[in-house]
Amino acid sequence: MSETLKVESRELRGKRNNRRLRARGRIPAVLYGHGQDPVSLAVPAEQFDAMVRHGSRLVTLAGAVNESAFVRECQWDTWGHHVVHVDFTRISAHEKVRVQVAIELRGEAPGVKEGGVLKQVLHEIELECEAADIPEKLTVSINDLGLNGSITVSKLALPAGAKVFEEPDQDIVQCVEPAEQPEEEEAVGEVEPELIGRKREEEGEASES
């Protein structure tokens, strides 16, 4: 499912004009692809930020242009809070694309109640599928994950015809026994207070003589 973004044509370019654009709540963008000339656009910042954080990559552009596009690349501010520029690629619904998709764990692992600790090995995975089938995220149920057990890539529920680029036996999540904390070593060569006091007395007697 794609998001619809109301886009405007962007006539003025350059860093100064882009700063003014962002001050008005718009993000500078460029639309590429399918052998056509690039088109400079402006998209609503608040809506686009929410869309990206929600995991959407396929969008319907409406307004200055009217077509489907794929979010190819986002540039973020220094703190990683807001998108400051975006590149779109023209795309058709049945065109295959490669994309990174987040993996989210769902449920409660019985192994944790047995004293285990969850270790998520893969947080996202690269897959290839039709643009219209790009999932916002892939969910993995851990309700049957016991102590010393794992869930592999082969267990992922993928869109029809999708291809992943990880080995099927690659672990996504494990439930492992907690690492043992090393015991603190006893202090070596402790000095008895009596010896210190005795030494100071001996030093005092030596200075008096």
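Before any of the text, the structure's been laid out above.
The shown structure was predicted, so the numbers you read here are calculated from the model rather than taken from an experiment. (Residues numbered from 1 in each chain as written. Predicted model: local features only at pLDDT ≥ 70, side-chain atom pairs only at ≥ 80, totals over all residues. Heavy atoms only, no water.)

Engineer: Now, about the sheet that holds strand E8 (residues 117-120): what can you tell me, with residues and values included?
Structural biologist: Within a sheet, each strand pairs with its neighbour through backbone hydrogen bonds, oriented either parallel or antiparallel. Spatially, E8-E13-E11 is the arrangement adopted by the three strands of the open sheet, whose pairing is antiparallel. Of all strands in the sheet, those bounded by a partner on one side alone are E8 and strand E11 (150-152). Neighbour to neighbour, the strand axes of the sheet diverge by 10° on average, direction disregarded. When E8 meets strand E13 (residues 171-176), the two strands line up antiparallel, connected through four bridges. Across the sheet, Val117 pairs through a bridge with Val176, a residue of E13. (Pairing = 2+ DSSP bridges. Helix = DSSP H or I, 4+ residues; strand = E, 2+ residues; numbered from the N terminus. Axes fitted to C-alpha atoms, helices over the stretch in contact; angles between N-to-C directions.)

Engineer: Kindly report on the sheet that holds strand E6 (residues 83-90), identifying the contributing residues and their values.
Structural biologist: Taken together, the six strands give a closed barrel; going around it, the order is E1-E3-E2-E6-E5-E4, and neighbouring strands pair in mixed fashion. Each adjacent strand pair in this sheet contributes to an overall mean axis angle of 45°, direction not counted. Contacts between helix H1 (residues 15-23) and the sheet are confined to strand E2 (26-32), strand E3 (39-44) and E6, with E2 contributing the most and set at about 120° to the helix. (Contact = heavy atoms within 4.5 Å.)

Engineer: Quick rundown of the nonpolar core? Include the residues and the values.
Structural biologist: Within the largest apolar cluster, 25 residues are counted, with the highest numbers of intra-cluster contacts made by Leu145, Leu156 and Ile172. Every element with two or more residues in this core is listed here: strand E7 (96-106), strand E9 (124-130), strand E10 (137-141) and E13. At four residues, the largest contribution of residues to this core is made by E7. Those residues in contact with Leu145 that lie beyond four places of it in its chain are Ala109, Pro110, Gly111, Leu118, Ser150, Ile151, Val173, Gln174 and Cys175. (Core = buried A, V, L, I, M, F, W, Y, C linked by side-chain atoms within 4.5 Å. Buried < 20%, exposed > 50% of the residue type's maximum accessible area, 1.4 Å probe, protein only.)

Engineer: Account for helix H2 (residues 45-53), with residues named and values stated.
Structural biologist: Of all the positions in H2, only Ala45, Phe48, Asp49 and Met51 are classed as buried. For H2, the angular spread of buried residues about the axis comes to 165°, placing them on one side. Exposed and oriented more than 90 degrees from the buried face of H2 are Glu46 and Arg53. Buried residues belonging to H2 abut strand E1 (3-9), E2, E3, strand E4 (58-63), strand E5 (67-76) and E6. (Arc of directions from axis to C-beta.)

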